[in-house]
Amino acid sequence: MMRTRIAFCVLLALSGVLPLAAQTPALDFSYRSGNDLNPSNVVPNGSIPVPAVLVGDKSSATLIIRNRGTNSLTMTSARATGAGFSATPDTATADPDSATLVTINFSPAAAGAASGVLALTFAADASHTYSYVFFLSSRGLAPEYVVSYILNPSGNQTALSNNGLIAFGTTSIGQTGTATIIITNRGEGQGKLTAAALSGDMYKLSGLPLLPLTLNPAGGEVRFVISFAPLALEPAQGALQLTLGTTAVRINLSGQGTGPSLTYAVVSGSGTVLQALPGATVAAPDANVNSTATFAFTLRNNGNGDARIASVNMTGSAFQMLDVPSLPYTLSPGATLSLTVRFSPKESGPATGLLRIDSAAFTLQAVGFGSKLALTAVVGASRFDVANNGTLAFQNAEIGVRSDAWVEIANNGNGAAVINLITVSGVGFSMPLVPVLPMTIAAGAATSIQLGFTPDSLGSSSGTLQIEDMSVTLRGAANTPPPVPAITFTGLTDRVEPFQQPSVAVRIAAPYTLDLTGTLALSFAPESFVDDPAIQFSSGGRSVAFRIAAGTTDAIFGQGLKQIQFQSGTVAGSITLGVNLATAKVNLTPNPQPAKTMLVDSAVPQLRNLQVANRTANSMDLLVTGISTPRSITDLTFQITPVTGGNVQTTTLTANAEAPFRAWYQSDASKPYGSQFTATITLRVTGDLNLLQSIAVTAANLKGASQPMSVNLR
């Protein structure tokens, strides 16, 4: 009987490793952009930047094509598309171990970003051509001039167009108005100011640098000043002529000379008009605390030109201006401006304010009638006054234990005090007995409120007591709690197998007087320097919170659990459990930190699954799934068993798998899987695949070989 012999070819592929592509020409690509002498590598479908250039000029980049193969190639086409882009030469020969250069030119017709595509075609022979595409980018640069001005001293920046106007408004004779001219290049190309000329007898140019002046792109600017000094009570016209590059810009100027003469008067509530001179004192009507009184302050322009009111300011907390017009305010000849002043005292006693209208100042005086609160604190055996914005210090307290203080509120004013607001803020501070509000304290009377401080952390704490508009800073400090009894872990061994879910409990040696909160944290130190994300608690993540109630010893996890499980993963290394403890916000973790370390040993591989896929008449794929805690596989051995009466040329095959497994374990794609792998082994035979009964697979690393795993083929 003739027996069929079968020959085997073993191909190994791992998840994450791409199969070999069809052979293509060995071409390397790099480029030099502009004057850069150092080439940068680029791959097909990559980007090649061409230097930005002024509109109308030209820039270039050079693509360097190096043939690393042994055969010459013909570049049959080099074509650049995209506005402004071109490429030379169209054709060339790429000899082995030599460089072929393609120049990419960019000549923009308009400013802005530009993109294009460089397409290359190579021919190895008449029937084999290869295409490569590169994406091109550049920018067309051009200046963009923006002319603006600021009327000094407090004007806003305003843009100017050609034939625009700078209106200086009215300026008193003998005074000078100024405007700052700002010329900015907001474009991406370099600009120039080549000329600046000023006309008009009452205008003067100052601060202009030597021309021509270069304006750098993206914000380059020049500033200079135009001054207006009127000589007569008449309109004054002028013009500023600018030459920016090849563009002429005209800015018109206008101003008016004037001579105002202001007088001031006070109109009382009864309608009495009293003339007031700058520097005089004005008696305002009195008012009750938290009430108001008003009077009018008038200005009249008796001159023959506009008066420009640039500023109106009021100082003094009890005085406010109610109807200040938008400033600067122009008061025409014969016109009157009325300003309303309000007196609103916040406390009893005399009050002073200062009204300034440009350089004229007037002192305002009035009296407030009402209550005046004073605070006195009682802390332990000490009694002391507390000023508004002062400090009240509590006695030190134990964590979680309240320390008390009392504050006496006295009314030292000449009217009853009505208190609508008493609040306490700040962590740990409270008001155990909240008073009923509003509260009335007669003149000369007093009342007291109780405050508490219950610390939840060490060190000093601060808060605020607010009584109406009075504010007191509260301060307190906590005493250090006693140390925590010894912490132990139960349920753990020194070593743990991969793919396990051990349970752990945490306990203190003796009951503690305060509630404890804590965190149990996992950390992992792998032997292979690659973390295993599978190592985590059953609740998810590598940390879990717990609580030890006062008077007990066991840590409680989640909903009443005294133990928590975690996964050991599949990577060799050391797993460490560490504990942090606190009461309130006080860290009570012992030093050194309590911890327990377990080892996941570096061991021989474990095969977990073996399947057959993609079976044909003379080939099939073996899918081998397993783990190797050292994250390495050196060999795969295949034991082939034929059917009864069948004959195979080879019954045992050993494949050196170190290189592909090293590539897999060093890849980012393998990191989420720890040491797990799925290897795809393609078996190709010469003969009839149906003569095989089964195949057994064994994996080996430096620690030894795994147990074999077999699959039946029939």
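Residues numbered from 1 in each chain as written. Predicted model: local features only at pLDDT ≥ 70, side-chain atom pairs only at ≥ 80, totals over all residues. Heavy atoms only, no water.

1. Examining the overall build of the chain
Point 1. Scanning the chain from terminus to terminus reveals 1 helix and 62 strands.
Point 2. Relative to its length of 714 residues, the chain is extended, with a C-alpha radius of gyration of 45 Å against a globular reference of 27 Å.
Point 3. The principal-axis extent of the C-alpha atoms belonging to the chain is close to 140 × 85 × 35 Å.
Point 4. Here the chain holds 714 residues, and the buried ones make up 40% of them.
Point 5. Looking at the chain alone, contacts between residues at least 24 apart form 68% of all its contacts between residues at least 6 apart.
Point 6. When the accessible surface of the chain is summed, it comes to about 35,700 Å², and 50% of that surface belongs to carbon and sulfur atoms.
Point 7. For the chain, the centre of its 37 positive side-chain charges and the centre of its 37 negative side-chain charges are spaced 5 Å apart. (Helix = DSSP H or I, 4+ residues; strand = E, 2+ residues; numbered from the N terminus. Rg over C-alpha atoms; globule rule 2.2 N^0.38 Å. Buried < 20%, exposed > 50% of the residue type's maximum accessible area, 1.4 Å probe, protein only. Contact = heavy atoms within 4.5 Å. Areas by Shrake-Rupley, 256 points an atom, 1.4 Å probe, with all protein chains shown as cover. Lys, Arg positive; Asp, Glu negative; His and termini not counted. Charge placed at Lys NZ, Arg CZ, Asp CG, Glu CD.)

2. Section: the pattern of salt bridges
Side chains that differ in sign of charge can pair as their charged atoms come close.
Point 1. What the rule picks out here adds up to 13 salt bridges.
Point 2. A salt bridge links Asp-404 to Arg-402, with the nearest nitrogen and oxygen atoms 2.8 Å apart.
Point 3. The closest approach of N and O atoms between Asp-554 and Lys-562, which form a salt bridge, is 3.3 Å.
Point 4. Residue Asp-554 is classed as buried on the basis of its relative accessible area of 18%.
Point 5. A relative accessible area of 47% places Lys-562 in the partly exposed class.
Point 6. Members of the salt-bridge network, linked through shared partners, are Arg-507, Asp-554 and Lys-562. (Salt bridge = Lys/Arg side-chain N within 4 Å of Asp/Glu carboxyl O.)

3. A word on unusual backbone geometry
Point 1. With an omega of 5°, the peptide bond running from Leu-211 to Pro-212 counts as cis.
Point 2. Inspection of the secondary structure assignment puts Pro-212 in the loop between strand S18 (203–206) and strand S19 (213–215).
Point 3. For Asn-163, which is not glycine, the phi dihedral falls at a positive 70°.
Point 4. As for its placement among the helices and strands, Asn-163 is situated in the loop between strand S14 (157–160) and strand S15 (164–172).
Point 5. On the basis of relative accessible area, Asn-163 is assigned to the partly exposed category, the value being 48%.
Point 6. Although it is not a glycine, Asn-389 adopts a positive phi angle of roughly 70°.
Point 7. The topology assignment puts Asn-389 in the loop between strand S36 (382–386) and strand S37 (391–393).
Point 8. Overall, the relative accessible area of 60% leaves Asn-389 in the exposed class.

4. Let's talk about the packing of aromatic side chains
Point 1. Here the structure, examined in full by the defined rule, presents 18 aromatic pairs.
Point 2. Among the aromatic residues, those joined into a cluster by ring pairs are Phe-29, Phe-122, Tyr-132 and Phe-134.
Point 3. Above the face of the Phe-499 ring, Arg-608 is positioned so that its terminal group lies 4.0 Å from the ring centre. (Phe/Tyr/Trp six-rings, centres within 6.5 Å; stacked < 30°, edge-to-face > 60°. Lys NZ or Arg CZ within 6 Å of the ring centre and 35° of its normal.)

5. Regarding the sheet that holds strand S3 (residues 40–41)
Point 1. With respect to topology, 5 strands assemble into an open sheet ordered S3-S2-S6-S10-S8, the strand pairing being antiparallel. Every other strand in the sheet has two partners, leaving S3 and strand S8 (85–88) as the edge strands with one partner each.
Point 2. The sheet contact formed by strand S6 (residues 59–67) and strand S10 (residues 99–106) spans 8 bridges and is antiparallel. Residue pairing across strands places Leu-63 opposite Val-102, the latter belonging to S10. (Pairing = 2+ DSSP bridges.)

6. A short note on the sheet that holds strand S21 (residues 235–244)
Point 1. Within the open sheet, the 5 strands sit side by side as S15-S22-S21-S17-S19. Their pairing is mixed. The sheet terminates laterally at S15 and S19, the two strands that pair on one side only. When the angles between neighbouring strand axes are averaged without regard to direction, this sheet yields 30°.
Point 2. Relative to S19, strand S17 (residues 191–199) runs antiparallel, the two being bridged by 3 bridges. Residue Gly-191 lies in a different strand from S19, and its bridge partner there is Leu-215. (Axes fitted to C-alpha atoms, helices over the stretch in contact; angles between N-to-C directions.)

7. Section: the nonpolar core
Point 1. Judged by nonpolar contacts, the single largest core of 33 residues is most densely connected at Leu-520, Phe-566, Ile-575 and Leu-577.
Point 2. Elements supplying a minimum of two residues to this core: strand S46 (487–490), strand S47 (503–508), strand S48 (516–526), strand S49 (543–548), strand S52 (573–583) and strand S54 (595–600). (Core = buried A, V, L, I, M, F, W, Y, C linked by side-chain atoms within 4.5 Å.)

8. A word on the confidence of the model for the chain
It should be kept in mind that the predicted coordinates are not to be read in detail where pLDDT is low.
Point 1. Per-residue confidence for the chain averages 89 on the pLDDT scale, and 96% of its residues sit at or above 70.
Point 2. Contacts from residues 1–22, a stretch scored under 50 in pLDDT, to residues over four places away or in other chains number 57 contacts. (pLDDT = per-residue confidence, 0-100.)

9. Points about the environment of Leu-623
Point 1. Looking at where Leu-623 falls in the secondary structure, it is placed in strand S56 (residues 619–627).
Point 2. Leu-623 sits 59 residues away from Thr-682 along the chain, and the two C-alpha atoms are 8.9 Å apart.
Point 3. Sequence-distant contacts of Leu-623, defined by excluding residues within four places in its chain, comprise Asn-609, Leu-610, Gln-611, Ala-613, Ala-679 and Thr-680.

10. So, the side chain of Asp-532
Point 1. If you trace the backbone, Asp-532 turns up in the loop between S48 and S49.
Point 2. Polar side-chain contacts of Asp-532 include one of 3.0 Å to the backbone nitrogen of Ala-534.
Point 3. One polar contact links the side chain of Asp-532 to the main-chain amide nitrogen of Thr-570, over a distance of 2.7 Å.
Point 4. With residues near it in sequence (within four places) discarded, Asp-532 still touches Phe-524, Arg-542, Gly-569, Thr-570, Val-571 and Gly-674. (Polar contact = N/O pair within 3.5 Å; in protein donor to acceptor, adjacent residues only side chain to side chain.)

11. Remarks on the environment of Lys-192
Point 1. Within the fold, Lys-192 resides in strand S17.
Point 2. In this structure the C-alpha to C-alpha distance between Lys-192 and Ala-613, which are 421 residues apart in sequence, comes to 74 Å.
Point 3. With residues up to four places along the chain from it excluded, the contact list for Lys-192 reads Tyr-145, Leu-213, Thr-214, Leu-215, Thr-243, Leu-244 and Gly-245.

12. So, the pairing of S8
On a regular strand, each side chain points to the face opposite its neighbour's, so the side chains alternate between the two faces of the sheet.
Point 1. Burial of the side chains of S8 is restricted to one face: Phe-85 and Ala-87 are buried, whereas none of Ser-86 and Thr-88 on the reverse face is.
Point 2. Taken together, the 4 bridges between S8 and S10 define a ladder with antiparallel strand orientation. Bridging across to S10, Ala-87 finds its partner in Ile-104.

13. So, helix H1 (residues 658–665)
Point 1. Considered for burial, the residues of H1 that qualify are Phe-661, Trp-664 and Tyr-665. Buried residues in H1, looked at end-on, bunch into an arc of 90°, giving them a common side. (Arc of directions from axis to C-beta.)

14. Notes on the environment of Asn-288
Point 1. On the secondary structure map, Asn-288 appears in strand S26 (residues 287–288).
Point 2. C-alpha separation for the pair Asn-288 and Ser-344, spaced 56 residues apart in sequence, amounts to 8.0 Å.
Point 3. If sequence neighbours within four positions are ignored, Asn-288 has contacts with Pro-345 and Phe-369.

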